[in-house]
Protein chains: 2
Amino acid sequence: MGRTSDAKEKILDAARSLIELRGYSALGVAEICKAAGVPKGSFYYFFASKEALALAVIDEHWAAQERDWKRILGGQAPPLQRLRQLFEATEATLRSGQRSCGSVAGCLFGNLTLELSNQTEAIRARLQEIFDAHVEMIGAVIAEAVARGEARVADTRQAARSVVAQMEGQVLFAKLYNDPQRMGVLWAGCLALLGAEAPAPSEVAVGL
Amino acid sequence: MGRTSDAKEKILDAARSLIELRGYSALGVAEICKAAGVPKGSFYYFFASKEALALAVIDEHWAAQERDWKRILGGQAPPLQRLRQLFEATEATLRSGQRSCGSVAGCLFGNLTLELSNQTEAIRARLQEIFDAHVEMIGAVIAEAVARGEARVADTRQAARSVVAQMEGQVLFAKLYNDPQRMGVLWAGCLALLGAEAPAPSEVAVGL
């Protein structure tokens, strides 16, 4: 069984790398198996279809990202600082991906949304759940900031959607210009969206 | 020659529709020619490659969009109202696309950025020019609003980038949830990003 589950992990890893590099539609099962170094028969042992594989890639990526987001957004720093830390962690992830493959791959979920959400309902539904979770988690932090008088928004959920939209838009630019530093403006944009002032330097030091 | 240029237009139209529905990578030249109702030989008479076709589709789409943006953003309404009109026109375009093909296709340039910008440098460069133009045009309107005391931003270009990022992010949501109404929050987000108040109702009436 050790070797079997190893093959499944190899397929998932190869598929995620290839999807990040070239999208989903451009890939064939044979190419994924070749990159994973497993025979094609293994593929259909683990996955009923290429779509089933894409859903497994999405789930695995989200499981890891959700852990990261919960750690950062559930931390001890003041709420707005936690949002800033999330932006910095996102920029660091883009930068590390750029170092390893030469170009910024962007956000797997944003990429697949624009590539596939109007083509397969199963993938659309899964991506909706993930973006709903993004909005929920960021909304909770905004609500904390509002309760502390550090943000002024009319509608917390709408503000959270705007922050997530701003993140996705800036990641799009980071990919387009192959420049993770594009994410640097996210913090100022987020403060504006939340009617917030930049925290005092001492608070920043505590926060980071 | 009439019939020849007709074939080129047919290929461009079919390619744009197919790219909006299914992205670029999923398409083959044979399928595009079949949808266009032209023999495959015609394709290579007009286009050196599938990439050359994609560039032509981008150019044609941008020529039409640039005309629309110039008309709206160069209009007589107060500057912030012109931004609002641009958001409303964008939502109307998404809605009309949804009516004709059943789902929101999103922004052709955003879609291709996430699908292709890290794969072909020619397409990346063309999309960069287009998004640079978006930022330039919106930046000019923001500068007008700032000069009239209707917006407060530290850096006009950075604010324009944030507004364009916000548009792309909300279009991503409109596609994900197949709901053009998602664009409705764009106006409130834009006002927040620009440190602007909602114009008085009488001004809105004049603006629209």
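Along each chain, residue indices are assigned from 1 in the same order as the chain's sequence is written. Ligands are numbered from 1 and chains lettered from A, in the order in which they are written. The predicted origin of the model limits local features to residues at a pLDDT of at least 70 and limits the giving and counting of side-chain atom pairs to 80 or more, whereas totals for whole chains, interfaces and linings rest on all residues. Working from all heavy atoms in the structure, the side-chain values ignore hydrogens and water.

Okay, the UniProt feature "DNA-binding region" (unreviewed entry) in chain A next. Residues annotated in UniProt with the feature "DNA-binding region" (unreviewed entry) correspond here to residues 28-47 of chain A. Helix and strand definitions here come from DSSP, where helices need a minimum of 4 consecutive H or I residues and strands a minimum of 2 consecutive E residues; each element is numbered from the N-terminal end. Helix makes up 75% of residues 28-47 of chain A and strand 0%. Its end C-alpha atoms lie 14 Å apart. UniProt positions are given in the numbering used here, feature names are shortened, and annotations may be inferred rather than shown by experiment.

Turning next to the domain arrangement of chain A. All names here are of chain A. Its domain assignment divides chain A into domain 1 (1-47) and domain 2 (50-207). Annotation comment: domain bounds sourced from an automatic or database domain assignment. One C-alpha centre belongs to domain 1, the other to domain 2, and the line joining them spans 28 Å. In what follows, a contact means two residues having at least one pair of non-hydrogen atoms within 4.5 Å. Residue-level contacts link 17 residues of domain 1 with 15 residues of domain 2. For salt bridges, the criterion is a side-chain nitrogen of Lys or Arg within 4 Å of an Asp or Glu carboxyl oxygen. Joining domain 1 to domain 2, the criterion identifies 0 salt bridges. Counted as a polar contact is a pair of N or O atoms within 3.5 Å, where, for protein atoms, one must be capable of donating a hydrogen and the other of accepting one, and residues adjacent in sequence contribute only when both atoms are in side chains. The interface formed by domain 1 and domain 2 holds 5 residue pairs in polar contact (both at pLDDT 80 or more) in total. Elements represented by at least two residues in the side of domain 1 that touches domain 2 include exactly helix H1 (2-22) and helix H2 (29-36). Here the element with the most residues in the side of domain 1 that touches domain 2 is H1; it accounts for 9 residues.

Time to look at the pattern of salt bridges. Residues and elements named next belong to chain A. Counted under the stated rule, the structure contains 22 salt bridges over all chains. A salt bridge links Lys-10 to Asp-6; its shortest N-O distance comes to 3.6 Å. Remark: Asp-6 and Lys-10 occur in helix H1; sequence separation between them is 4 residues, near one turn of the helix. Between Glu-150 and Arg-148 there is a salt bridge, and its shortest N-O distance comes to 3.0 Å. Three exposure classes are used, based on accessible area relative to the maximum for each residue type with a 1.4 Å probe and protein chains only: buried under 20%, partly exposed in between, and exposed over 50%. The partly exposed category is assigned to Arg-148, whose relative accessible area is 46%.

With 41 residues of chain B at the interface, the matching set in chain A holds 41 residues. Interface of chain B and chain A: buried area, both sides summed, is about 3,700 Å²; carbon and sulfur atoms make up 60% of it. What counts as buried area is the accessible surface, traced by a 1.4 Å probe, that two parts surrender upon association, with contributions from both included. Among the residues chain B hides against chain A, the three largest losses belong to Leu-114, Asn-118 and Leu-176 of chain B. Together they make up 18% of the total. Counting every contact that joins chain B to chain A gives 0 salt bridges. Between the two partners, chain B and chain A, sit 17 residue pairs in polar contact (both at pLDDT 80 or more).

Definition used in this section: a nonpolar core is a set of buried Ala, Val, Leu, Ile, Met, Phe, Trp, Tyr and Cys residues joined via side-chain atoms within 4.5 Å. Core analysis: the biggest nonpolar cluster contains 139 residues, and Leu-83, Ile-138 and Leu-194 of chain A together with Leu-83, Ile-138 and Leu-194 of chain B have the highest contact counts within it. Those residues within four positions of Leu-83 of chain A in sequence are excluded, and the remaining contacts are Leu-73, Ile-138, Val-141, Ile-142, Cys-190 and Leu-194 of chain A.

For the rest of this paragraph, the subject is the packing of helix H4 (residues 50-73) of chain A against helix H5 (residues 79-101) of chain A. Residues and elements named next belong to chain A. Structural elements are reduced to axes, namely lines fitted to C-alpha atoms, with helices fitted over the stretch in contact, and the angle between N-to-C directions of any two is expressed from 0 to 180 degrees. Across the interface, H4 lies against H5 with an axial gap of 9 Å and an inter-helix angle of 145 degrees. Crossing of H4 over H5 shows right-handed handedness. From H4, Trp-69, Ile-72 and Leu-73 reach across to H5, where they touch Arg-82, Leu-83, Gln-85, Leu-86 and Ala-89. Of the residues assigned to the contact of H4 with H5, the class counts are 6 nonpolar, 1 polar and 1 charged. By definition, any crossing whose near helix is turned counterclockwise from its far helix by less than a right angle is left-handed, and any crossing with a clockwise turn is right-handed. Three categories are distinguished: nonpolar for Ala, Val, Leu, Ile, Met, Phe, Trp, Tyr, Cys and Pro, charged for Asp, Glu, Lys and Arg, and polar for the others, with Gly belonging to the last.

Least squares is used to superpose the copies, and the fit set is the C-alpha atoms of residues whose pLDDT is at least 70 in both copies. Between chain B and chain A, which share one sequence, the superposing operator has a rotation angle of 180 degrees and an axial displacement of 0.0 Å; the RMSD is 0.0 Å. Interpreted geometrically, this transformation is the action of a two-fold axis.

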